[in-house]
Amino acid sequence: MLTEQIRSIYIETKGAYGVPWITRELRESSPVVNHKRLARLMRAAGITGRHLRKGKRTTVQYARAPKAPGLVGRDFTEPRTDVRWFGNITY
């Protein structure tokens with residue numbers, strides 16, 4: 001009976017809903033259903049939700065490219081140890 005409810009929700013959503021969304025739908029209309037049991041029933045019935053596609057990587061860092069030069073000309077070498085370089089001036 002529960003598998004038929006799962007299948008009807010799955011067909012209504014055109015296969016878009018997976019375990020989390022079908023669990024929410026069932027909890028609104030019927031007694032509480034555990035998501036683990038729901039996943040087991042869906043797996044046994046061969047029902048899977050639609051998977052999101054992975055994003056396409058458009059930028060690949062070139063490992064041997066030279067680093068950009070420091071245009072501001074800041075010098076971060078410390079003249080002696082235990083020197084405070086940056087401070088917070090918020091009050």
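Residues numbered from 1 in each chain as written. Predicted model: local features only at pLDDT ≥ 70, side-chain atom pairs only at ≥ 80, totals over all residues. Heavy atoms only, no water.

Chemist: Could you give an account of the overall build of the chain, with specific residues and numbers?
Modeler: Along its length, the chain carries three helices and zero strands. Computed over the C-alpha atoms, the radius of gyration of the chain is 28 Å, more than 25% above the 12 Å expected from 2.2 N^0.38 for a compact globule of 91 residues. The buried share of the chain, reckoned over its 91 residues, is 16%. The contacts in the chain between residues at least 6 apart in sequence include a share of 45% that link residues at least 24 apart. Approximately 8,900 Å² of the chain is accessible, and the part contributed by carbon and sulfur atoms is 55%. Of the charged side chains in the chain, 18 are positive and 7 negative; the average position of the first set lies 8 Å away from that of the second. (Helix = DSSP H or I, 4+ residues; strand = E, 2+ residues; numbered from the N terminus. Rg over C-alpha atoms; globule rule 2.2 N^0.38 Å. Buried < 20%, exposed > 50% of the residue type's maximum accessible area, 1.4 Å probe, protein only. Contact = heavy atoms within 4.5 Å. Areas by Shrake-Rupley, 256 points an atom, 1.4 Å probe, with all protein chains shown as cover. Lys, Arg positive; Asp, Glu negative; His and termini not counted. Charge placed at Lys NZ, Arg CZ, Asp CG, Glu CD.)

Chemist: Can you break down the pattern of salt bridges residue by residue, with the values?
Modeler: Taken as a whole and assessed by the stated rule, the structure comprises one salt bridge. Between arginine 7 and glutamate 4 there is a salt bridge, with the nearest N and O atoms lying 3.8 Å from each other. With arginine 7 and glutamate 4 both in helix α1 (residues 2–12) and three residues apart, this pair spans about one turn of that helix. Residue class for arginine 7 comes out partly exposed when judged on its relative accessible area of 31%. (Salt bridge = Lys/Arg side-chain N within 4 Å of Asp/Glu carboxyl O.)

Chemist: Let's hear about the packing of aromatic side chains: which residues, and what values?
Modeler: Under the definition given, this model contains one aromatic pair. Seen from the ring of tryptophan 21, arginine 24 lies directly overhead, with NZ or CZ sitting 4.8 Å from the centre. (Phe/Tyr/Trp six-rings, centres within 6.5 Å; stacked < 30°, edge-to-face > 60°. Lys NZ or Arg CZ within 6 Å of the ring centre and 35° of its normal.)

Chemist: Now, about the nonpolar core: what can you tell me, with residues and values included?
Modeler: Counting residues in each nonpolar core, the largest one holds nine residues, listed as Leu2, Ile6, Ile9, Ile22, Leu26, Val33, Leu38, Met42 and Ile47. Of all elements in the fold, only α1, α2 (19–29) and α3 (35–45) reach the threshold of two or more residues within this core. For this core, the element with the most residues is α1, which contributes three residues. What leucine 38 contacts, discounting residues up to four positions off in sequence, is Ile6, Val19, Ile22, Thr23, Leu26 and Val33. (Core = buried A, V, L, I, M, F, W, Y, C linked by side-chain atoms within 4.5 Å.)

Chemist: Tell me what's going on with unusual backbone geometry, and back it up with residues and numbers.
Modeler: Even without being a glycine, lysine 14 presents a positive backbone phi close to 60 degrees. You can see lysine 14 is positioned in the loop between α1 and α2. On the accessibility criterion, lysine 14 (69% relative accessible area) is exposed.

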